[in-house]
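In case you want the letters, here they are:
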Amino acid sequence: MKKALSVFLSILMIFMCTVPAFAAEGDVTDSTENTKTYTVKFRQPSNAFKDGYMFVKSVNGEIQYEEDPNGIYVFYDNRFMTMDNIYPSFQDQVPPERYSPVQLTGEIVTENGENFACVEVAEGETLTFRVMTSKKYNVHTAAVFINGQRAYLNPMNEYSVYVDRDLKIHVAEYDNNGNEALLKSHYNVKLTSGEGYKVKTLKDQNYGVVYYGGSFEFRVQIASGFVASGMTVSVQRGNNDFSAIFGEDEDLGAIGNLFGENEELISYGIDEDGCRLYRIENITDDCKIIIDGVQEESSVGIMSFFKRIIRLIANLLSGLLGIDLGFLDSITAYYTVSIDASQADGVTYEIIRSNSDELSPSEFTVTSGEGITIVVTKKSLNDTVNVMWTPGNESGSYTTPWILDYNTITGEVSYSAVYNIDNISADTQIIIS
């Protein structure tokens, strides 16, 4: 009997010890099923900032990415970046996969005309995220508000918030005065100077940064004793392959021109000081102005002579030995310049050039890279005179001031304007009307 009682008590004790465990397990299951969640609403960008910013997932300060065939990011050099941040000669080494940042998105609801992406977050969790902007906007100007209170980046350069209630999160697009709070990115244009020239801002204008997508105008002044007929003016946007090899501080503009890495600019006119005017359009990166081909007056004729000698040698080798030296065409080719002034009654013109072969009074040839200056004269300031040339000034938009000229001998008054066609690289037709 005692033995049976002992066995019974043992079983009872085991059962009693097990009950709390079952009960605890049951409580955990019920707790998980009944975990409270809160709604975090991320206000979506308005139409004015539609391509401006997004809220993205962040883990330990790192933005998270996912594969996306339409993504603009690649994984290269152990980090995610866009292709325009990779030097052209290295782009063939980039893996083919494309990525996009993981956005914090969910059901879209509209409240008071504003759209919110709703994300459900468990009570007690810490939500971490970052704000990404397109290249158009400066992410450092993004002001984030959580339930109306300004939020600040934590030491891991991300936003974090403890979720214990419903939240509304937004980026301030405008301040209390209606001015934009999320500012456009701005860029610098480096002005350069060298032997025989200076690059300056427009007259009476101070240098300033250029905002994303904006334009920048400048002028080039040629020093006395130098000639700009063969001058090339171009812009280097960002860095090129040569900057990657030799460093960003090296003056490698002429090399970039030779390999076609810079964008050539065409002068759109002359200011009252005789400086050539240029404009850089759609600036989306830091820029550097590159000037090449300014020569001393004494050397212009010599260079033209050497070009013609090289051309004769190239033609001789090609004809006798069949050696193709076509790569010299861009340096030594001849181009015909023709002038039509048949519709310019009462208007005269003079052509100033370093060297040429004249075929007729209104037609001549120049070697590649040379330029000409046209001085047009009219009798009355009220007369409308148009000067256009193809290629380069098809619309006749080239602007130049008309300067009063008084002949002290005859007493006649006339007005003259100067037009520069630099660095000729194709047959050119000029029409004066």
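Look a little higher up for the structure.
Residues numbered from 1 in each chain as written. Predicted model: local features only at pLDDT ≥ 70, side-chain atom pairs only at ≥ 80, totals over all residues. Heavy atoms only, no water.

This part is about the sheet that holds strand β23 (residues 263–265). Pairing within the open sheet is mixed, and its four strands lie in the order β16-β26-β22-β23. Because the sheet does not close on itself, it has two edges, and the strands there are β16 (189–190) and β23. In terms of strand pairing, strand β22 (residues 232–237) meets strand β26 (residues 287–292) through six bridges, oriented antiparallel. From the neighbouring strand, Q236 faces β26, where its bridge partner is K288. (Pairing = 2+ DSSP bridges. Helix = DSSP H or I, 4+ residues; strand = E, 2+ residues; numbered from the N terminus.)

Across the sheet, which stays open at both edges, the five strands sit in the order β17-β18-β20-β25-β24 with antiparallel pairing between neighbours. In the strand order of this sheet, the two ends are held by β17 (193–194) and β24 (269–270), each with one partner. Both strand β18 (residues 197–201) and strand β20 (residues 214–222) contribute to a ladder of five bridges, which runs antiparallel. Across the sheet, the residue bridging to K200 is R219, located in β20.

The next subject is unusual backbone geometry. T390 connects to P391 through a cis peptide bond whose omega is 0 degrees. Assignment of secondary structure puts P391 in the loop between β33 (387–390) and β34 (403–406). Positive phi outside glycine occurs at N60, with the angle close to 55 degrees. In this fold, N60 is placed in the loop between β2 (53–59) and β3 (62–63). Positive phi, normally seen in glycine, also occurs at N282, with a value near 50 degrees.

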